[in-house]
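Here is what each chain is made of, one letter per residue.
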Amino acid sequence: MTPEHAPPPPSPGRSWRIRAPRPLPPLPHPLGARPRPPRSLRAPLRRPRSLGARFRLPHAPRTRLRLPHSLRARLTTGLVVLLALGSVTVGLVTVFALRSFLVSRLDQQIAASGGRFAVSLEHEDRPDTDNQGDTRGQADGTLGARLLGGRVEQAAVVRGASDVRVPLTAEDARALAALPPDARPRTLRLARLGAYRVAAWRGDDGDVLLTGLPLRPVEETLHRLAAVETAVFAVVLTAAGVTAAAWTRFSLRPLERLAATADEVTRLPLAAGQVAMPPPLPGTRPDSEAGRLTGAFNRMLGHVGDALDRRHVVEERLRTFAADAGHELRTPVATVRARAELVLRSHGDTLPDEVRHALERIDAESRRMSLLVDELLLLARLDAGRSLRRDDVDLTRVVLDTVADATARHPGHHWELDLPEDPVHVTGDDDRLHQVLTNLLANAGRHTPAGTRVAVALTLDADADADADADAGTEAGDDGVRLTVTDDGPGIPAELLPGVFHRFTRGDSSRSRTTGSTGSTGLGLAIVDAVTRAHDGRATVTSRPGHTRFTLRLPARHNGVEALVPAHAGTTTSCPQDEVTAVRPRPTAPDDRARAD
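## A closer look at the packing of aromatic side chains
Evaluation of the coordinates by the stated rule reveals two aromatic pairs. Each ring, one from Phe501 and one from Phe550, has its centre 6.2 Å from the other, and the planes form 85°; the classification is edge-to-face. Taken together, the residues Phe501 in the loop between β11 (480–487) and α12 (524–534) and Phe550 in strand β13 (residues 547–555) connect sequence positions 49 residues apart. The burial state of Phe501 is the same as that of Phe550; both residues are buried.

## Topic: the pairing of strand β6 (residues 208–214)
Among the seven residues of β6, seven are classified as buried, and the element is accordingly described as predominantly covered. When strand β1 (residues 143–148) meets β6, the two strands line up antiparallel, connected through five bridges. Bridged to Ala145 within β6 is Leu210. Where strand β5 (residues 194–202) folds back on β6, the antiparallel hairpin that results is connected by five residues, among which Gly206 adopts a positive phi of roughly 75°.

## Some remarks on helix α10 (residues 430–446)
With 17 residues, α10 should reach 24 Å at 1.5 Å per residue; the first-to-last C-alpha distance of 24 Å fits that figure. Two or three places before Asp431, at the start of α10, stands the capping residue Asp429, its side-chain oxygen 3.1 Å from that residue's backbone nitrogen.

## Overview of the environment of Glu153
Counting through the fold element by element, Glu153 comes out in strand β2 (residues 151–159). A relative accessible area of 40% places Glu153 in the partly exposed class. C-alpha separation for the pair Glu153 and Asp207, spaced 54 residues apart in sequence, amounts to 9.7 Å. The contacts of Glu153, once residues within four sequence positions are left out, are Arg146, Leu147 and Leu148.

## Concerning the packing of helix α7 (residues 289–347) against helix α8 (residues 353–383)
Contact geometry of α7 with α8 gives a least axis separation of 8 Å together with a crossing angle of 155°. By the angle between their directions, the pair α7 and α8 is classed as roughly antiparallel. The two elements α7 and α8 cross, and the hand of that crossing is left-handed. Residues that form the contact of α7 with α8 fall into these classes: 13 nonpolar, four polar and ten charged.

Analysis parameters
Residues numbered from 1 in each chain as written. Predicted model: local features only at pLDDT ≥ 70, side-chain atom pairs only at ≥ 80, totals over all residues. Heavy atoms only, no water. Phe/Tyr/Trp six-rings, centres within 6.5 Å; stacked < 30°, edge-to-face > 60°. Helix = DSSP H or I, 4+ residues; strand = E, 2+ residues; numbered from the N terminus. Buried < 20%, exposed > 50% of the residue type's maximum accessible area, 1.4 Å probe, protein only. Pairing = 2+ DSSP bridges. Expected span 1.5 Å × (residues − 1). Polar contact = N/O pair within 3.5 Å; in protein donor to acceptor, adjacent residues only side chain to side chain. Contact = heavy atoms within 4.5 Å. Axes fitted to C-alpha atoms, helices over the stretch in contact; angles between N-to-C directions. Parallel < 35°, antiparallel > 145°, perpendicular 65-115°, else oblique. Left-handed = near helix turned anticlockwise from the far one by under 90°. Nonpolar A, V, L, I, M, F, W, Y, C, P; charged D, E, K, R; others polar.

Next up, the structure:
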């Protein structure tokens, strides 16, 4: 501390206390620096987006070249395109070669002229007759010009036997002045004269002489050649296209015959019966592709025809065997059954238990064998094409009778009826239709457990259109009668569903037989399908766990007779009330249907 800054002496009774100097606060920021904002206020750095990222342009639709679908069109198009490419290549090569040739001829003419016309444009201090342009031996349109000091002094064009002065534009003058005096012709396009081949020489007076010939004759020749080639190539391409189309069609006739025959084969009913295969295709040369393909196709047709004939023969033998076996077995089976029944009735009380049980089993099996024989005979008659009776059948009464019988056979099931208000009459065989519905109800009762709900519905398709279900395999809108049998049992296994209407098809454990059942012959649903087809109808089935539906559709008109619905008739009931609790006429809500317990 300096003496001048020393504190005064303390007064008596007082003392001085010296504090350490406080440090000065730091400067806000160095000179030229800017304060840095707090970290929380700092904005994250972002890369600048490009203009394409800000404004996204819509992608233009991609146009793909569509080729013709048919082989004939593709071959013809390819041939015409290749010929067109060849024609264009020939035309371009011809035009460029001719242009090069004609231009070289012009250059030769320019070199042969020696620049006489340009030399004649040189002038002396005193003009005389020697200064006149010399046009002798010069072609019409020959250009002559004289440059002195980089400026065009004179420029003239030969017109006939004289020359004509040509006023040049500034652009033309600069183009002429830029030519090097090496006597090599170059192409210039002058505003007032057009295209020229011009060459430059050094003159005797320190000037530059220019001589040129017009390119207009060359261009006219090339234009005419291009027009002639275009016309000729168009005619050639048109003729080639027509000829190629005709030749391709002629060459592909074996393939067209093969395709037509294949289409005809696809329309044949190959599933069953005797099939008449189309005749073999006419032979072609075996060393060609079409000939080898035709031969292979003919051999394939022969193999397929032989296989179908053998299958038909086997089927006929099986049908004949089934019919013969049925006829031969009917009498012995009936005899065995009658003898067993006679013994049971006459001496049933006195027979030992083992003998009586054996006779009862013989009687039961003979009944089952009789049923099997009858079913085989029926299928054999239907396969042989024998027509059924054509009577007026009250289908409503058939449904009521068969449901009543099924209720008695399977009292543990819940039976449900859904019938129209008026009886439905169709044309057909009463016994066979009764057998069809009996087989369907027996199938539902035998292959579902007790407590299963079985619903039988009879509808006209005019009524069924409003509430047609969406199950696969059933359609609404066909004219006729629809009969459905629906149950909520375990369903048919998926592997059995495609062949459920085939003969000797039996369900597995997923549709187990109930206790005490005599089993199934495997012909019930086959009879359903055969009888329905004999009535010009169809039988379909849809199944999933908890829902199985068999649908029969019978035509509304058969041999000119329509399905009859008498207006005066009322609801017909043929089953007692203790078997079916209630039969309600249509329409009824699905939840309000009465169940038969």
